[in-house]
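# Structural description and commentary
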Amino acid sequence: MTVISYSQWIDSGRTRAALRAAVASGEVVRLRRGVVAEPGDPGAVSLHRLRILGAAPVLGPSTFFGHESAAVLHGLPLLTNRLDEVVAVRAGGGHGAITATLHARRAQLGADDVTLVDGLPATSLGRTISDLARRLPFPEAVMVIDAGLRLGCDRAELLGRCAAGRGCRMAERAVLFGDPLAESPGESLSRVRFHQARLPVPELQHEVFDHDGELVGRLDFWWRDQGLAGEFDGLVKYGRLLRPGESVEQVVLAEKRREQRLFDLGIRVIRWTWSDLWSPALTARVAAALQRPDAVPRASLVAEGSPQGAGPRH
């Protein structure tokens, strides 16, 4: 990232018209009045973090980044269309304010509602999750809550924060549905889609071992009675599986070998991607796979047990 003032832009021999064109095209990002940045990563989250850094020097007293902006700082997932503006929360009464670079809301904040994240003032993890759970649609709220629980936020704390006030019923429902075993936004949204379609509830992150006690793999979703595994395929997932010096192609090949080993154990695998989450065809595919007459694993006891026979692995 390169931060540039307007005067530095002009001093480098470039024109104001060129600057306006660069801002319009996204080549540079306007952080605040008189300051722009050339981002190294054009992703929505990275751009929003840049805008947060640009707004930080002009925050007023008792003002903290909140809602979507606090989510970015805490590492909570959001859909990209939620990242258009930087949001801050000002303690006390009165009205909020909206400028070209900052949307400030008014709210009452206690000592346990605020923190520092990478040196930046922000609402705490629990406060951020509860604020978003009250406002976001149920699928997106679950996406945030799953991640928050995985980061160590206490469910009882979230239920206490969502016990009263506007949006409390919707937020409470999402908190109760949350599961820290969902390891990605795609897995969280998949859980919601299956729930909405009234499909059987799958186990998450189920470990499968072969007859020799060797770990074959960990399944994103596992329907035990039908011997069906569900795998959400995302680019982030493949990046997470990469080892030093390993290519994506090698990871994909390893995944194919893993799937063959699952098939040899009598486990069928159904896969989907991010785009499938927005189509009713996904739940129809899963429902059809669950209803197949041959949906009985040939090695279910192997799939359920640990290498030492220590009982079910969940």
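Residues numbered from 1 in each chain as written. Predicted model: local features only at pLDDT ≥ 70, side-chain atom pairs only at ≥ 80, totals over all residues. Heavy atoms only, no water.

Turning our eyes to something else, we now look at the pattern of salt bridges. In total, this model carries 16 salt bridges according to the counting rule given. Here Arg127 ties to Asp113 by a salt bridge, and the two come within 3.3 Å at their closest N and O atoms. Note that Arg127 is positioned in helix α5 (residues 125–135) and Asp113 in the loop between β7 (103–107) and β8 (114–117), a separation of 14 residues in sequence. For the pair shown, Arg127 and Asp113 are each scored as buried. (Salt bridge = Lys/Arg side-chain N within 4 Å of Asp/Glu carboxyl O. Helix = DSSP H or I, 4+ residues; strand = E, 2+ residues; numbered from the N terminus. Buried < 20%, exposed > 50% of the residue type's maximum accessible area, 1.4 Å probe, protein only.)

Below, the discussion takes up the nonpolar core. By size, the foremost hydrophobic cluster in this structure holds 37 residues, and its most contacted members are Phe65 and Ile129. Broken down by element, the residue count for this core peaks at seven residues, all from helix α6 (residues 138–150). With residues up to four places along the chain from it excluded, the contact list for Ile129 reads Leu76, Val144, Ile145, Gly148, Cys153 and Leu158. Among the nonpolar cores identified, the runner-up in size contains 19 residues, and Leu277, Val286, Ala287 and Ala289 belong to it. (Core = buried A, V, L, I, M, F, W, Y, C linked by side-chain atoms within 4.5 Å. Contact = heavy atoms within 4.5 Å.)

In total, this model carries eight aromatic pairs according to the counting rule given. Between Phe138 and Phe177, the ring centres sit 5.6 Å apart and the planes meet at 55°, which makes this aromatic pair tilted. Separated by 39 residues along the polypeptide, Phe138 in helix α6 and Phe177 in helix α8 (residues 168–177) bring together distant segments of the chain. As far as burial versus exposure is concerned, Phe138 and Phe177 are alike and both buried. Both rings, one in Phe194 and one in Trp223, keep their centres 5.5 Å apart while their planes meet at 65°; by these two values the pair is edge-to-face. In this pair, Phe194 is assigned in helix α9 (residues 185–196) and Trp223 in strand β11 (residues 215–223), connecting sequence segments 29 residues apart. Of the residues examined, Phe194 reaches a relative accessible area of 2% and is grouped as buried. Positioned over the ring face of Phe177 is Arg191, at 4.3 Å from the centre of the ring. (Phe/Tyr/Trp six-rings, centres within 6.5 Å; stacked < 30°, edge-to-face > 60°. Lys NZ or Arg CZ within 6 Å of the ring centre and 35° of its normal.)

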